[in-house]
Structures are given as structure tokens and as C-alpha cells.
Amino acid sequence: MFRSCLVLCALFTAAAVHAADTPDRVENFRLNDHAGHSWELYRCKDAPAVVLYISGVGCPIVQKGMPGFARLQEAYAPKGVRFFMLDANEGDAREDVAADAKAFGINTPILLDTAQGIARSLGVTR
């Protein structure tokens, strides 16, 4: 199990995360991102925290929240905090996620969870 703090960044996003539904520990997972790179949670085990920003292609709420997410990254990435976005929309193809990331200047890995297994295990709902 992942022992570092897992922070679900749901402010200004389309996802609703309730503290009671969020697990204290997260099992390891591996997902590919929008650029085709593979990421494994346990490879971040030395990070003091991992932030997952729940996203979706074309979501205006996510787009509106990106400046706040960028500020968090700017403040905490130098302290070792790892940042990812998590797209759990079944209909969001990798190519569409990549195009959206390029259009909005997103440099953060966007993990593709089209089976919604990780999102469900984290208690993410909409």
C-alpha cells in the first residue's frame, strides 16, 4: 500500500470527493498517460504527497480550475510533491486528451482511467 499522503484535488473540478469515502491508503496502480507513458503509484513512494486532479476532455469546470492547480504545482512540486491529472471518462480517447492538454498548455501527466477502476477505488463520483 502507498504510505505517503494521497490528496484528491477536487476543488473546481467536475468530480465530487467526500472525505468519508476517500480511503486512508491506496493500493498500487499503473496507468498510461495521454502521451503514452506508463506511471506506477508506488514509484512515487518517496514523495511526501501525490495530488490527483480529476479531469475530463472539454470540461469547463476543470479548465477554470487549472490556474489554481498550476499554483499548487508551483508551490509544492519543488518540495517533492508529485502531481497528476486523472481522466476517468470512458469516452475520452487518448488522442482527445492529448489534444486538450496541448490546447490548454497542460504539462502534467494525465492518467487515463477509462475503466474507472482507480476513480472508483478512490471514491470519486460525479
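As a reminder, the structure under discussion sits directly above these lines.
Because the structure is a prediction, the values reported are computed rather than measured. (Residues numbered from 1 in each chain as written. Predicted model: local features only at pLDDT ≥ 70, side-chain atom pairs only at ≥ 80, totals over all residues. Heavy atoms only, no water.)

Student: Before we move on, could you go through the overall build of the chain and cite the residues and values that matter?
Tutor: Helices and strands together make up the secondary structure of the chain, namely three helices and six strands. In sequence order, the secondary structure elements of the chain are arranged as β-β-β-β-α-β-α-β-α. Split into buried and exposed, the 126 residues of the chain put 44% on the buried side. As displayed, the chain offers around 7200 Å² of accessible surface, 52% of which is attributable to carbon and sulfur atoms. (Helix = DSSP H or I, 4+ residues; strand = E, 2+ residues; numbered from the N terminus. Buried < 20%, exposed > 50% of the residue type's maximum accessible area, 1.4 Å probe, protein only. Areas by Shrake-Rupley, 256 points an atom, 1.4 Å probe, with all protein chains shown as cover.)

Student: Describe in detail the environment of G36, supporting the description with residues and values.
Tutor: Residue position: G36 is located in the loop between β2 (30–32) and β3 (38–40). Since its relative accessible area comes to 45%, G36 is described here as partly exposed. For the pair formed by G36 and I110, sequence separation is 74 residues and the distance between their alpha carbons is 9.8 Å.

Student: Can you break down the nonpolar core residue by residue, with the values?
Tutor: With 16 residues, the main nonpolar core has F29, L31, F84, L86, L111, I118 and L122 as its most contacted residues. For this core, the secondary structure elements donating two or more residues are β4 (49–55), β5 (82–87) and α3 (117–121). With three residues, the top contributor of residues to this core is β4. Contacts of F84, omitting those with residues within four sequence positions, involve W39, C44, V50, V51, L52, Y53, F69, T108, P109 and L111. Counting residues in each nonpolar core, the second largest holds 15 residues, with M66, F83, A101 and L112 among its members. (Core = buried A, V, L, I, M, F, W, Y, C linked by side-chain atoms within 4.5 Å. Contact = heavy atoms within 4.5 Å.)

Student: Mind laying out the environment of Q63, listing which residues take part and the relevant values?
Tutor: The residue Q63 is located in helix α1 (residues 60–76) in this model. With 41 residues separating them in the primary sequence, Q63 and F104 have C-alpha atoms 7.9 Å apart. Setting aside residues no more than four positions away along its own chain, Q63 makes contact with G58, D100 and F104.

Student: Residue-level account of the packing of aromatic side chains, with values.
Tutor: In the structure shown here, the tally under the stated rule is three aromatic pairs. Ring centres of W39 and F84 lie 5.2 Å apart, and the angle between their planes is 70 degrees; on these two criteria the pair is classed as edge-to-face. Linking W39 in strand β3 with F84 in strand β5, this pair joins segments that are 45 residues apart in sequence. Look at W39 and you get partly exposed, because its relative accessible area is 24%. Here the aromatic rings of F69 and F83 are separated by 5.7 Å at their centres, their planes lie at 75 degrees, and the arrangement is edge-to-face. One end of the pair, F69, is in helix α1; the other, F83, is in strand β5, with 14 residues separating them in the sequence. (Phe/Tyr/Trp six-rings, centres within 6.5 Å; stacked < 30°, edge-to-face > 60°.)

Student: Any details on the pairing of β5? Residues and values, ideally.
Tutor: The buried fraction of β5 is high, at five of six residues. Of the pairings in the sheet, the one linking β4 to β5 comprises six bridges and is parallel in character. The residue of β5 that forms the bridge with V51 is F83. In this fold, β4 hands off to α1, which returns the chain to β5; that crossover is right-handed. Two elements, β5 and strand β6 (residues 110–112), share three bridges in a ladder whose sense is parallel. Residue pairing for β6: M85 is matched across the bridge by I110. As a crossover connection, the stretch from β5 through helix α2 (residues 94–103) into β6 is right-handed. (Pairing = 2+ DSSP bridges. Right-handed = clockwise from strand over helix to strand, strands pointing away.)

All we've got here are geometric facts, nothing functional implied.
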